[in-house]
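Architecture at a glance
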Amino acid sequence: MTAEALAPAKVNLSLHVTGRRDDGYHLLDSIVVFADFGDRLRLTPGEALSLAVDGPFSDGVPTDDRNLVWRALEGAGWTGQVNLHKALPHGAGIGGGSSDAAIALRLLADQGGDIPDGLPLSLGADVPVCMHAGAARMQGIGERITPLNLPTLPALLVNPGVAVPTGAVFSGLESRENAPMPDHVPEFAGVEDCADWLLDQRNDLEPPAMHVAPEIERVLSDLRNTRNILMARMSGSGSTCVALYPTMKAAHFAAYVIGAERPDWWCVATQLS
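Reference entry: report on the structure contained in this document. Just so it is clear, the model here is predicted, and its values are computed rather than measured. (Residues numbered from 1 in each chain as written. Predicted model: local features only at pLDDT ≥ 70, side-chain atom pairs only at ≥ 80, totals over all residues. Heavy atoms only, no water.)

Bringing unusual backbone geometry into the picture now. Cis peptide bonds are those with omega within 30 degrees of zero, and the linkage from glycine 238 to serine 239 qualifies with 10 degrees. Here serine 239 shows up in the loop between β8 (231–234) and β9 (241–244). Phi is positive for alanine 133, close to 55 degrees, though the residue is something other than glycine. Looking at the secondary structure, you find alanine 133 in the loop between α4 (127–132) and β5 (136–140). Overall, the relative accessible area of 24% leaves alanine 133 in the partly exposed class. Of note in this structure, asparagine 228 is not a glycine but carries a positive phi near 70 degrees. Looking at the element boundaries, asparagine 228 is found in the loop between α8 (215–224) and β8. (Helix = DSSP H or I, 4+ residues; strand = E, 2+ residues; numbered from the N terminus. Buried < 20%, exposed > 50% of the residue type's maximum accessible area, 1.4 Å probe, protein only.)

See the structure below:
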C-alpha cells in the first residue's frame, strides 16, 4: 500500500553543547520543535529499492545509499519506490535529511513494520527526535527524548542560501563543556513567555557557524530589525535562522519585508509545535 507524509523542518530553539564522549560524539541539550512545512515522502512497496527526487532543492540530492532515506529503509529491510519532494534547503540546520529518514521509518512503523533497535540513532543524532516529530527536549547524543507541551509558535525561517557543513562547525567550537539548560522546562502561558525563557538559552554552535558562513550574522541582524520580533536564533548547526513572533500575521509581515529586501534568501512563515 502506498503511504505518504510530510517530513517537517526540524528547528532547534536552543542547542547547548555540554560535553564530548571518548568516541567523539558530542553531548547536547536542545529544545526541538517542528514546522508545518517540509519535504514530502511517498513510499510504494515493490521488489527493489529505488529513489526519485524532485522539488526546488532536488539538485545534488543522492538517489542511492548515500541518501539517509535509502539507508533507513534498507536498514529496516523494506523495498519499493520512494518519491521524495525536497522543499527544504541543504546544509541548513533544519534536519532535512534526518526528517526524511525519520518519517520514512514512521511510515513503515505505522504499517506494522519492524524498526530495528538502534537504527534511528545510527543514522544521525537528529533522527530519533525527528521520529517523535513534536516539541521535545533532546539530550545526550540524541537518544534521550522528553516530550514538551509548548504553545504553538508563530515563526519565520530564513536561510541565506549557504550550506554549512556540520563537521566544520563542531570543529570550530571553543568549548565543548558548556552549561546545560535548567533541569525543568516550565509550562508557558503563551508564545511571549516561551520566547522570554528561550532568550536566556543559547545555541553554542552559532559563533563557529558564523565563522564558516558570515551570512548568518546578516540574517540574524535583519530578523532582529523586524517589527514585533520576540527572539531570533540560528537553528542547529546553521545556516537557517528562526524568529518568533506573537502572531502569524506578524510572522507573515516579517516574511514580506525580508523577502522584499533579500529576494535570493529562502524565507518561510510557519507555525512551530
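Sheet analysis places strand β2 (residues 26–45) next to strand β4 (residues 80–85), joined by 6 bridges and oriented antiparallel. Each bridged residue has a counterpart across the sheet, and for leucine 43 the counterpart in β4 is valine 82. Judged from the 5 bridges that link them, strand β3 (residues 50–54) and β4 form a sheet pairing that is parallel. Bridged to serine 50 within β4 is glutamine 81. (Pairing = 2+ DSSP bridges.)

Moving on to helix α1 (residues 68–75). Three or more residues of α1 are buried, namely Leu68, Val69, Trp70, Ala72 and Leu73. On the buried face of α1, the contacting elements are β2, β3, β4, α2 (96–110) and α3 (119–123). Two or three places before valine 69, at the start of α1, stands the capping residue asparagine 67, its side-chain oxygen 2.8 Å from that residue's backbone nitrogen. Remark: glycine 77 follows α1 within two positions and exhibits a positive phi of approximately 75 degrees. (Contact = heavy atoms within 4.5 Å. Polar contact = N/O pair within 3.5 Å; in protein donor to acceptor, adjacent residues only side chain to side chain.)

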